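# Fold and contact review
One-letter residues, chain by chain:
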Amino acid sequence: FLATAPPEELGAAIQQFIDQYSKWIQKEAALARELSPTSQMISTRLASKAGHILSRMQSGAATLLDPQNPEVLTAFRLANKAMFLQQQRGKVRLRPFEDVPGAPLSFPRLELPEPVMGSFGSWRPFQLGFILLTLTGLVIPGDTSREEVDLLFFPTGGGKTEAYLGAAALTMFHRRLCDTSHRGVDVLMRYTLRLLTIQQFERSAGLIAAMEQIRRKAPEQLGQAPFSIGVWLGDGTTPNKRQKAIDFLKKKGLPDSGANPFVLNRCPWCGAQFGYRKSTGAWCGYKQSESTPRTLRFECPDRESCEFSTPSKALPIWITDEDVYDERPSFILATVDKFARLAWEPRARTLFNREESGAQAGLPPSLIIQDELHLISGPLGSMVGLYEAVIEELCTYQGVDGRIGPKIIASTATTRRYQEQVLSLFGRAETTIFPQAVSRANETFFSSVLREDGNPVKGTAFVGINPATYATGQVSASQLAAILSQAPDSWKGKPEEMDFYSTAVWFFNSLKELGQTLTLMQSTVLSLIESMWRDARLPKERSRSL
């Protein structure tokens, strides 16, 4: 609907959405009058913040339908179309190839799912609200909201990545519509150390494949340069040099560690399996390029169903550092620690669209997305903050109305001291947290605590143990392991009242810690359980043998 509706119909639907948010703020402000004077004062302040979000969403709607900037509406339409395609293609199940000796490579038939309400093809309210919130700052360089850091505070699994991708798609399409000759990095999306997952990369790659498919159908509108994605990660995750990637191709199968140096194990566009075909001793999906410099290319092995299956139409994905520097992908996925390479690798200047002389060759990246902001603290925060000053400078250019810096959006799992953290990291004084509660914790227009019969649904209790009286952490861990191992069997209440985990999962910072604890577990835990039986602290008939 958002990709195809006439402007009047589109504007009316978005305005209705914004008006409902306005009414919600008024309703929450009225509820606050029944609170204590102190709570009223806090609610008034929070209502003011929600009002600021409302005004920015209204500004986004006005910018979207501004006849003076028609390319904004076009970019919005294309971004929605690309997001729909990304979600649809992401729902395609893995299509494994049949490895029959002597037979041609075959795949199950490609079946594209149809959107059923709630499955895909629609925005969650907070995602659409977030895009309206950020829209003006993304497409109008001189707008004051560009200087604000927009901070998403939403539960895990709620769809923050989709909201990011929508904002990224809008940015990339808009820049290309304003200048069809534009080429280079538009978006830097950064994760904390190794928290970038394969699933996130697949979704991002799926979006870029959708955008590139749209561009190929309208090169006169979106330019000749492909939309592309690159990963800029450590050598332990992806090969940093082209030759190392080619050396991987010469090996038979993946490393013993099980890690996939090629990152992708399926085509993000059609779901065809990528992997090693033992019967022919060849890789499917991963190819050495025919042109120089020789490097790794992703060519879908299903030539019948996929349009990214030939050398000239390979997937626009780059995973080696050398390719990222030379190709300057539109969208870059990186970890914050990788930016330390800026001090050691002169070619990293190309990430900011700079020539060998250091001169600007086109606009620098205009959007920085920072995932899991709360984890960038302590010594890591100090280091990231040092580099951030340089990154901000390299992403800033001289516009008609003065210096134009990048738009920064981020996510967090906690709102504690977020303004101070943003100021320390990015030097930005204004932060807008989204969505905003007013009179009740965890209740926003865009999200609500799940309730049954008016009462909050029972959640999960997290218990923290501080073993201050034990000599070592391992001793306390063994005591706890003994108790937890027997808990499911010794529970005397109704089984349906307790959701049991019968396996305890332990996390360690190093193999040394794991080894020490494992030795302790094998000796101490069993003797502790025996003493629990002996002292009748545990009914023997309900004990659990380990």
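Relevant structure appears above.
A short tour of the structure in this document, coming up. These numbers come from a predicted model, not from an experiment. (Residues numbered from 1 in each chain as written. Predicted model: local features only at pLDDT ≥ 70, side-chain atom pairs only at ≥ 80, totals over all residues. Heavy atoms only, no water.)

### Points about the sheet that holds strand E3 (residues 229-232)
As summarised here, the arrangement of the 8 strands in space is E8-E3-E9-E2-E10-E13-E1-E14, forming an open sheet in which the pairing is parallel. Each edge of the sheet is formed by a strand with only one pairing partner; in this case those strands are strand E8 (317-318) and strand E14 (431-434). As defined by bridge partners, strand E1 (residues 149-153) adjoins strand E13 (residues 407-412) across 4 bridges and the pair is classed as parallel. Counted as the bridge partner of Asp 150 is Ile 409 from E13. Most of the contacts of helix H5 (residues 160-178) go to strand E10 (residues 367-370), to which it runs at about 170°, and overall it touches E1, strand E2 (187-191), strand E9 (331-335), E10 and E13. (Pairing = 2+ DSSP bridges. Helix = DSSP H or I, 4+ residues; strand = E, 2+ residues; numbered from the N terminus. Contact = heavy atoms within 4.5 Å. Axes fitted to C-alpha atoms, helices over the stretch in contact; angles between N-to-C directions.)

### Examining the pattern of salt bridges
Within the structure shown, the criterion is met by 25 salt bridges. Residues joined by salt bridges that share partners form a network here, namely Arg 56, Glu 148, Asp 150 and Lys 407. (Salt bridge = Lys/Arg side-chain N within 4 Å of Asp/Glu carboxyl O.)

### So, unusual backbone geometry
Here Thr 292 and Pro 293 are connected by a cis peptide whose omega angle stands at -5°. The residue Pro 293 is located in the loop between strand E6 (286-288) and strand E7 (296-298) in this model. Put simply, Phe 434 and Pro 435 share a cis peptide bond, and its omega is -5°. Within the fold, Pro 435 resides in the loop between E14 and strand E15 (451-452). Here the phi dihedral of Val 263 falls at roughly 70°; this positive angle occurs in a residue that is not glycine. Tracing the sequence through the fold places Val 263 in the loop between helix H8 (242-250) and strand E4 (275-277). Positioned with a positive phi, Asn 353 is a non-glycine residue whose angle comes to about 60°.

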